[in-house]
Amino acid sequence: MPLLDWFLAPLSGASTHEIAPWASWHARLMVLGWGLLLPLGALAARFCKVMPSQGWPLRLDNPFWWHAHRVLQWSGVLAMTVGVVLAWRGAQGATELARIHAVAGWALCLAGWAQVAGALLRGSKGGPTDRQLRGDHYDMTRWRLFFERAHKGIGWLAVIAAIGVIALGFVVADAPRWMPLALGAWWLALAGAFAALQRRGRCIDTYQAIWGPDPMHPGNRIPPVGWGVRRPFG
């Protein structure tokens, strides 16, 4: 079947496609991490802080988004790290295009590791349900504000940049045509989900999702952090 043959053929149109095992696994792990797990984790953090069936604000601090975000991001960074090790050990005699891909990939991985480090250093929580009322998050200290701006900004920029880095990797590996087409369709689906959830107002302010809209809470006296973040009250 000519159409099937076209989909299975490499991007260059070559009759055969051969790739070293380390490169094949590097690609799989990077696509798993940056193409699947990390974008889903970012979506969970942005749109799942308040679930439709939750009954907010009667029920506060839904833990689903936090557990989903943490599991997906840690898994994505782990897949990314193993993929980096494979490329670092296996890559030799790279072409100029491959070297550009490597530099961009290293920058992307540094952003991923920086996100993990920042999350570990995000500060204390505080609030009425914590062991002590005062905390970086509850009080929205300068450190917490810096963390939220940096974490959200770097995270989304890295997810967007990953599209270009992976696409370049497909060219370097002369991947079969069906691979970038399938991943492109997946990314379009993610973009569509983002737009739909944003339009429905599902991007709820983390602070109000956890502690509610009462103005007695200090974080409700300042604007929410981030683009398109909705604060239902206040």
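Since the model is a prediction, treat every value here as computed from it, not as a measurement.

### Observations regarding the confidence of the model for the protein
Per-residue confidence for the protein averages 93 on the pLDDT scale, and 98% of its residues sit at or above 70. For the protein, helix 1 (residues 2-8) is the element with the lowest average pLDDT, namely 84, and helix 5 (residues 136-139) is the one with the highest, namely 98.

### Notes on the nonpolar core
Counting residues in each nonpolar core, the largest one holds 24 residues, and the members touching the most others are Met-30, Trp-34, Met-80, Leu-108 and Ile-166. Counting only elements with at least two residues in this core, the list comes to helix 2 (21-47), helix 3 (64-90), helix 4 (96-120), helix 6 (142-173) and helix 7 (178-199). The contacts of Met-80, once residues within four sequence positions are left out, are Met-30, Trp-34, Cys-109 and Trp-113. If you look at the next biggest cluster of nonpolar residues, it comprises seven residues, including Met-140, Leu-145, Tyr-207 and Trp-211.

### Side note on the packing of aromatic side chains
Applying the stated criterion across every chain, the model contains ten aromatic pairs. Seen from their ring centres, Trp-6 and Phe-7 are 5.3 Å apart, and the 85 degrees between their planes marks the pair as edge-to-face. Under the relative-accessibility criterion, Trp-6 is labelled partly exposed at 43%. Both rings, one in Phe-194 and one in Trp-227, keep their centres 6.5 Å apart while their planes meet at 5 degrees; by these two values the pair is stacked. One end of the pair, Phe-194, is in helix 7; the other, Trp-227, is in the segment after helix 8 (206-211), with 33 residues separating them in the sequence. Under the relative-accessibility criterion, Trp-227 is labelled exposed at 63%. Cluster of aromatic residues (ring-pair linked, three or more members): Phe-47, Trp-156, Phe-194 and Trp-227. Sitting over the ring of Trp-25, Arg-28 keeps its end group 4.6 Å from the ring centre. Above the face of the Trp-65 ring, Lys-49 is positioned so that its terminal group lies 4.6 Å from the ring centre.

Cut-off values and rules
- Residues numbered from 1 in each chain as written.
- Predicted model: local features only at pLDDT ≥ 70, side-chain atom pairs only at ≥ 80, totals over all residues.
- Heavy atoms only, no water.
- pLDDT = per-residue confidence, 0-100.
- Helix = DSSP H or I, 4+ residues; strand = E, 2+ residues; numbered from the N terminus.
- Core = buried A, V, L, I, M, F, W, Y, C linked by side-chain atoms within 4.5 Å.
- Buried < 20%, exposed > 50% of the residue type's maximum accessible area, 1.4 Å probe, protein only.
- Contact = heavy atoms within 4.5 Å.
- Phe/Tyr/Trp six-rings, centres within 6.5 Å; stacked < 30°, edge-to-face > 60°.
- Lys NZ or Arg CZ within 6 Å of the ring centre and 35° of its normal.

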